[in-house]
Structures are given as C-alpha cells and as structure tokens.
Amino acid sequence: MKAERLPLPLNPHIEALPPYNAGMNLAVAREKSGRDDIAGLASNENADGCSPAVLRALTGFDPSRYSDPNCTELKAALAHKLAITPERVVVGNGSEEMIAALCRAALRPGARVGTVVPGFGLHEIEALAAGATVEKVAMGPGLVFDVPAIVTLLQTKPALFFLASPSNPVGPALDRAGLAAIIAAVAPETLFVLDEAYVEFRDADTPDGLAMLAGTDIAWAVLRTFSKAYGLAGLRVGYAVTSDLRLARVLSAAKTPFNVNAAAQRAAIAALEDEAWMRASVNRVRHARQKLADEISALGLFVAPSETNFLFIDTGSDSLGVQEHLLSSGIVVKPWRERSFETFIRVTVGTDDQNARFAGALREFVTG
Ligand SMILES: *Cc1c(COP(=O)(O)O)cnc(C)c1O
C-alpha cells in the first residue's frame, strides 16, 4: 500500500465524496440468500422488460463503429415527440451523466446548490464533486413537497436547484399550483433542474413539467430517461431538454464526446417508435402499485403517496433488519439510511408474482 502514502494531490472534493448507494446486485443477493429466485426490487427497473421492437432493433448490431457523438437521429425523434428543436436536447449515458454535466457546466467551487431530502443521491453527490455546498429542504408532513420551504430556499438564489418530481425515493409529484409557485421563485441567477425520471407514471392531473417550463423565462433543464418506463436501464440513455441554446451548448461541452453508445442510441429510437408498449407497461405498473399500496396500508404501515414505479414504506423497524428478512425470502429492496428515515424501505413495483411475494414476506415480518 505504498501508493496510499504518496503526497499525490488528488481533488479533495472527489476524495471526500460519500459513496452512491446502489441497490444490492442480484449475484450478491443470490450468494447471501442461497436462493436462485431473486426478486430484484431495489433499483426501479421495469419488471416488464422492454419493447420487443427494441430487441429486434438490436439484432445484427455492429459494435465496431463509433457511435454518433451528436445523437442526431435520436435527438430528431425526441424533438418530434416533444415538439421542440433538436438543438435544445442533450443526450447522456443515462440521465445521471446529465446530472454530472449540469454540475460541471453551472457550478464553481463554493457555489450553493439546493435540493430536497430525502432526495436522489446524485443530485447531492455531483454538486459536491463540483466543490459546491448543498442545502436541503425536508419533505413536509405526510411526505409531500414543502413548497413554501422550497420557495424560501430559492429566494436565496442558489446557483442550481435539483428537484425530482415525481420524487425519488418518496414518490409524490408537484401539482400545477406547487410547480408554478416554485418556478415563480427561481431567480435569473439560478439554474432550475427538474428531474422527471418518472414522468410517464404520473397521475392524469399532474402537469408535464417540460410543458410548464417552456413558457417561462428562467434558466431550466428537464431530465428524462429511458431507464424506467421504457425499460432500458442497462443500456444507459437519458437526456436533458434545456431552456435555451447557450445552456445546451455548454452542457454538451461538459460531457464526453462519444458518451452514448451506438446500441443505446438505436434502442432508444426503437423504444420511441413503440410508445404503445411503454404505455401498456405503465398502466400495469400503476394498477399493481395501487394494489400493493393498499395491502401494505392494511398492515398498518405508512406508505407515501406515489406517482412512480415504486413505494416508500415506513416499516416501523430498522430498515436493515427488514432488508435481511426480505432477502431470506429472495426479495431485494432498498433500505433507507438517511437520518429520520432509517425505518423506511423503497420497493420497486415488480411483476404480480413478485409483488405478492413481497407483500407476503412483509406481512410475515410485521406479524412476527
Ligand atoms: C433512476 C433515476 C435517474 C437516473 O436514471 P439513468 O437515466 O438511468 O441514469 C435520475 N434521476 C432520478 C430521480 C432517478 O430515479
């Protein structure tokens, strides 16, 4: 371990980063539980898989060629779907890369970033990596967004504000009045980033954030992904839509040139050509989520409101113990470890069979 003692000046912001808490890997879960029938419900993947059109588009794929660094065809398809110009879209190796690129583009050491807690880990981690300080607004009673507290933080003019709506890990989405109040509080000096990773799962009366932001004169970026509703998590493709061309240019400069691989670009285009598959999957997940939420509530546990493909549940016991019990039944969930939320788990809505197994194992835990 000689190298560890060398006085190598590494970037202190990076060296001090907290680790990203990814869901337990299925191979590890198999090893730990001694079971083969693992239900992986920790990472909000799509239990229905992806559209068969995506698999067809990948047959005969030639990996020997570089991908298109500009994602020209995919951007054109997105621009058509969203009725915007393609120049305002920046595609990433997952929307997580766009979170990093936005921080790299908009932040300097010492900048202030706002977000909410509990929130999406990378909103904090990438801001810290850029040398920013992070201020967090707690979710309000009943675990819905505390709009007045978010407005108060925005009035202090942070350089950037990250907001995932629908929320991960909690689940609720801002309504029209809430989002309007937040947009109205964004200063010209603030970049407002609305992370809509779960937008496809929202309720009918929940606004499309992109449509609401389009008519404003603030600086904004909306993040969306193919990882959740479209079921392409393993291929890594997500994107940012920006308020203006300057932000899109700087965001493009902040990513690596060939960031989105050719298979991912091809798959995403095919996924957009079969939105019917996505909508059918979202419908099934929404119904299954409601059923599961009712079953968990019937156990006397608090379930946060959700417009996503997961549920955030207060188990009333330390979440690590709950995780262990569920794992012994071959079920992997995400135990929450943030202060005041150590009794919560986040569980992805799975297949009907996986959901029944989860509900049964949780009932067993609760009733002892
Ligand atoms: C899953 C998720 C992402 C990351 O998605 P990728 O496109 O797979 O990188 C971003 N934001 C939120 C809130 C998420 O839940």
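To be clear, the structure that these remarks concern was listed above.
Keep in mind the model is a prediction, meaning the values are calculated, not measured.

Caption draft 1: Examining the overall build of the protein more closely. On a plain count of helices and strands, the protein comes out with 14 helices and 13 strands. For the protein, whose C-alpha radius of gyration is 21 Å, the value lies close to the compact-globule estimate of 21 Å for 368 residues. By principal-axis analysis of the C-alpha atoms, the protein measures approximately 60 × 60 × 50 Å. The buried share of the protein, taken over its 368 residues, is 52%. In the protein, 73% of the contacts between residues at least 6 apart in sequence involve partners at least 24 apart. Split by element, the accessible area of the protein, about 16600 Å² in all, is 54% carbon and sulfur. Computing the positive centroid from 35 side-chain charges and the negative centroid from 41, the protein places the two 4 Å apart.

Caption draft 2: The nonpolar core, seen in detail. Ranked by size, the top nonpolar core spans 68 residues in total, and within it Leu74, Leu163, Phe192 and Phe226 carry the most contacts. For this core, the element with the highest residue contribution is helix H11 (residues 262-273), accounting for seven residues. Shared between two domains, this core holds at least three residues of each, these being domain 1 (12-49 + 276-367) and domain 2 (60-272). Among the nonpolar cores identified, the runner-up in size contains 27 residues, and Met98, Val113, Leu122 and Ile125 belong to it.

Caption draft 3: Summary view of the site of the ligand. Close to the ligand lie 13 residues; Asp195, Tyr198, Thr225, Ser227 and Lys228 are nearest. The separation between an oxygen atom of the ligand and a polar side-chain atom of Ser227 is 2.6 Å. In terms of residue class, the shell around the ligand is built from four nonpolar, five polar and four charged.

Caption draft 4: Examining the side chain of Ser165 more closely. Its place among the elements puts Ser165 in the loop between strand S5 (160-164) and helix H8 (176-184). A distance of 2.9 Å separates the side chain of Ser165 from the backbone nitrogen of Leu174, its partner in a polar contact. Beyond its immediate stretch of four places on either side in the chain, Ser165 contacts Phe145, Ala173, Leu174, Leu194, Asp195 and Glu196.

Caption draft 5: Structural detail: a nonpolar patch on the surface. Side chains of Leu6, Leu8 and Leu10 sit close together on the surface and give an oily, nonpolar patch of about 320 Å² of accessible area. For Leu10, the position within the fold is in the segment before helix H1 (12-15). A relative accessible area of 49% places Leu10 in the partly exposed class.

Caption draft 6: Geometry of helix H12 (residues 275-298). Along its 24 residues, H12 runs 35 Å from first to last C-alpha, staying within 8% of the 34 Å computed at 1.5 Å per residue. Where H12 is concerned, the buried positions are Glu275, Trp277, Met278, Ser281, Val282, Val285, Ala288, Arg289, Leu292, Ala293 and Ile296. Against helix H3 (52-58), helix H4 (72-82), H11, strand S9 (302-303), strand S10 (310-314) and helix H14 (352-367) lie the buried residues of H12. Phi turns positive, to about 90°, at Gly300, one or two residues after H12.

Caption draft 7: Quick look at the packing of aromatic side chains. All chains considered together, the criterion is met by nine aromatic pairs. Seen from their ring centres, Tyr66 and Phe258 are 4.7 Å apart, and the 35° between their planes marks the pair as tilted. Highlighted residues: Tyr66 in the loop between H3 and H4 and Phe258 in the loop between helix H10 (245-253) and H11, separated in sequence by 192 residues. When the ring of Tyr198 is compared with that of Phe310, the centres are 5.2 Å apart and the planes differ by 80°; the resulting orientation is edge-to-face. Placement of Tyr198 in the loop between strand S6 (191-195) and helix H9 (209-214) and of Phe310 in strand S10 is noted, with a sequence separation of 112 residues between them. Among the residues examined, Phe310 registers a relative accessible area of 0% and is labelled buried. Site record: aromatic cluster; members linked through ring pairs are Phe312, Trp336, Phe341 and Phe344.

What counts and how
- Residues numbered from 1 in each chain as written.
- Predicted model: local features only at pLDDT ≥ 70, side-chain atom pairs only at ≥ 80, totals over all residues.
- Heavy atoms only, no water.
- Helix = DSSP H or I, 4+ residues; strand = E, 2+ residues; numbered from the N terminus.
- Rg over C-alpha atoms; globule rule 2.2 N^0.38 Å.
- Buried < 20%, exposed > 50% of the residue type's maximum accessible area, 1.4 Å probe, protein only.
- Contact = heavy atoms within 4.5 Å.
- Areas by Shrake-Rupley, 256 points an atom, 1.4 Å probe, with all protein chains shown as cover.
- Lys, Arg positive; Asp, Glu negative; His and termini not counted.
- Charge placed at Lys NZ, Arg CZ, Asp CG, Glu CD.
- Core = buried A, V, L, I, M, F, W, Y, C linked by side-chain atoms within 4.5 Å.
- Domains from an automatic or database assignment.
- Near = heavy atom within 4 Å.
- Polar contact = N/O pair within 3.5 Å; in protein donor to acceptor, adjacent residues only side chain to side chain.
- Nonpolar A, V, L, I, M, F, W, Y, C, P; charged D, E, K, R; others polar.
- Patch = residues over 30% accessible without salt bridge, like charges linked within 9 Å, V, L, I, M, F, W, Y side chains within 5 Å.
- Salt bridge = Lys/Arg side-chain N within 4 Å of Asp/Glu carboxyl O.
- Expected span 1.5 Å × (residues − 1).
- Phe/Tyr/Trp six-rings, centres within 6.5 Å; stacked < 30°, edge-to-face > 60°.

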